Amino acid sequence: MGYAQLVIGPAGSGKSTYCSSLYQHCESMRRTVHIVNLDPAAESFDYPVAMDIRELISLDDVMEELGLGPNGALIYCMEHLEENLDDWLADELENYLDDDYLVFDCPGQIELFTHVPVLRNFVDHLKRKNFNVCVVYLLDSQFMTDVTKYISGCMASLSAMVQLELPHVNILSKMDLVTNKKDLEDYLNPEARILLSELNQHMAPQFAKLNKALAGLVDDFSMVNFVPLDLRKESSIQYVLSYIDNCIQYGEDADVKVKDFDPPEDD
Ligand SMILES: Nc1nc2c(ncn2[C@@H]2O[C@H](COP(=O)(O)OP(=O)(O)OP(=O)(O)O)[C@@H](O)[C@H]2O)c(=O)[nH]1
Ligand SMILES: [Mg+2]
């Protein structure tokens, strides 16, 4: 059994920074994680790259040879990855199987989990290879300034949740930039009733019905669960990591092993 985090979220939400902080944290804990770059447009890394999509395909080559723009080229690269799941990915994964912990740093284009089935097929492949996979969805806390942005963030995350059908953890990133934590508290665990009244205050009366439906949707999916992450604090990184570990049952087998080593009782 392997373990994997699929780190996704809008462009610039802090995915690569999260991966690098997680790597450093684990290193200081003497725990091994392997970070995989799935972003063909990435240029430099603050973490050692265990596997790299750029070894399979280069965004610049695709843009040049096919005359595509950056986003079209990215989709092309990811579809190329999809076609090579049984070749390139399978070969690379050979090096990491039992008990290994992989963290996939994904590109930020939201189309990847709303429009095309690439990531879905990617995780299905991981599951077939016996990986327990969890989606780690990063949302920038800077955008949680009012209820309309909060709802739109929730919808994007919900879309990934529905597409990927995996255990799903929402992280509110860049908490170090939040000066007034109180403003955010309302959004960490909000009630549908409060969301609705705020939405109605923000928007013209003709949206009342839509607002009710949206607030209800967010409530029904228990989306309203964001874990704040402040990368300055080891305790915050550790909390997030434990939370995710719990979702993918990492460490549970280890507990069993410990129990196995208990001295047998005299009969
Ligand atoms: N203050 C602060 N800045 C952060 C944090 N995380 C990321 N940033 C900054 O936000 C910007 C984007 O961070 P990245 O980690 O590259 O974001 P990303 O989600 O990987 O971006 P893409 O791969 O382009 O989608 C960079 O300038 C980072 O330095 C954080 O926890 N605190
Ligand atoms: Mg990145």
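Every value quoted in this text rests on a predicted model; they were computed, and no experiment measured them.

Undergrad: What's the story with the site of ligand 1 in this structure? I'm lost.
TA: Taken together, 14 residues lie around ligand 1, and Gly 14, Lys 15, Ser 16, Thr 17 and Gly 108 are the ones closest in. The greatest single-element share of the shell around ligand 1, amounting to three residues, is contributed by helix α1 (residues 15-28). By residue class, the composition of the shell around ligand 1 is three nonpolar, seven polar and four charged.

Undergrad: Teacher, can you tell me more about the packing of helix α3 (residues 70-83) against helix α6 (residues 118-128) here?
TA: The description of two packed helices rests on the angle between their axes and on the distance between the axes. Running from N to C, α3 and α6 point in directions that differ by 30°, and their axes come no closer than 9 Å. Regarding the angle of α3 to α6, the classification is roughly parallel. In this structure, the crossing between α3 and α6 has a hand that is left-handed. For the pair α3 and α6, the contacting residues are Met 78, Glu 79, Leu 81 and Glu 82 in the first and Val 118, Asn 121 and Phe 122 in the second. Its residues assigned to classes, the contact of α3 with α6 shows four nonpolar, one polar and two charged.

Undergrad: Could you clarify how one ought to interpret the sheet that holds strand β1 (residues 2-8) in this entry?
TA: Pairing between the strands of a sheet is mediated by backbone hydrogen bonds and can be parallel or antiparallel. Read across the open sheet, the seven strands follow the order β3-β2-β4-β1-β5-β6-β7; overall the sheet is parallel. On the outer flanks of this sheet lie β3 (49-52) and β7 (226-228), each paired with one strand and no other. Averaged over all neighbouring strand pairs, the angle between strand axes comes to 30°, with direction disregarded. Note: strand β5 (residues 131-140) against strand β6 (residues 168-173), six bridges, orientation parallel. Pairing of Leu 138 across the sheet is with Ile 171, part of β6. Strand contacts of helix α11 (residues 234-247): β1, β5, β6 and β7, with the helix running at about 170° to β6, the strand carrying the most contacts.

Undergrad: Can you walk me through the domain arrangement of the chain in this structure?
TA: Frequently, the measure chosen for interface size is the accessible area that the parts lose on association. By the assigned domains, the chain splits into domain 1 (2-189 + 225-249) and domain 2 (190-222). A separation of 29 Å is found between the C-alpha centroids of domain 1 and domain 2. Listed by partner, the interface residues are 10 residues for domain 1 and 10 residues for domain 2. Within the residue set of the side of domain 1 that touches domain 2, elements represented by two or more residues are α7 (147-164) and α8 (181-188). With five residues, α7 is the single largest residue contributor to the side of domain 1 that touches domain 2.

Undergrad: So what exactly am I meant to see when it comes to unusual backbone geometry here?
TA: One can expect most non-glycine residues to show negative phi and most peptide bonds to be in trans. Positioned with a positive phi, Lys 174 is a non-glycine residue whose angle comes to about 60°. Structurally, Lys 174 can be placed in the loop between β6 and α8. Looking at Lys 174, the number of C-beta atoms within 10 Å reads 21, which means it is buried. A positive phi is found at Gln 249, a non-glycine position, where the angle reads about 60°. Among the secondary structure elements, Gln 249 is positioned in the loop between α11 and α12 (252-260). By C-beta crowding, Gln 249 is classed as partly exposed, having 13 other C-beta atoms within 10 Å.

Undergrad: Is there a simple way to explain the nonpolar core in this structure?
TA: Here is a general trend for soluble globular proteins: nonpolar side chains tend to be buried in one another's company. If you look at the biggest cluster of nonpolar residues, it comprises 69 residues, and the most contacted ones within it are Leu 6, Val 7, Val 135 and Val 136. Sort the elements by how many residues they give to this core and β5 lands first, with eight residues. A domain split of this core shows at least three residues from each of domain 1 (2-189 + 225-249) and domain 2 (190-222). With residues near it in sequence (within four places) discarded, Leu 6 still touches Phe 104, Cys 106, Val 123, Val 133, Val 135 and Val 136.

Scoring rules and cut-offs
Residues numbered from 1 in each chain as written. Chains lettered and ligands numbered in written order. Predicted model: local features only at pLDDT ≥ 70, side-chain atom pairs only at ≥ 80, totals over all residues. Near = placed C-beta within 6 Å. Helix = DSSP H or I, 4+ residues; strand = E, 2+ residues; numbered from the N terminus. Nonpolar A, V, L, I, M, F, W, Y, C, P; charged D, E, K, R; others polar. Axes fitted to C-alpha atoms, helices over the stretch in contact; angles between N-to-C directions. Parallel < 35°, antiparallel > 145°, perpendicular 65-115°, else oblique. Left-handed = near helix turned anticlockwise from the far one by under 90°. Contact = placed C-beta atoms within 7 Å. Pairing = 2+ DSSP bridges. Domains from an automatic or database assignment. Buried ≥ 20, exposed ≤ 12 C-beta atoms within 10 Å, placed from the backbone. Core = buried A, V, L, I, M, F, W, Y, C linked by C-beta atoms within 7 Å.

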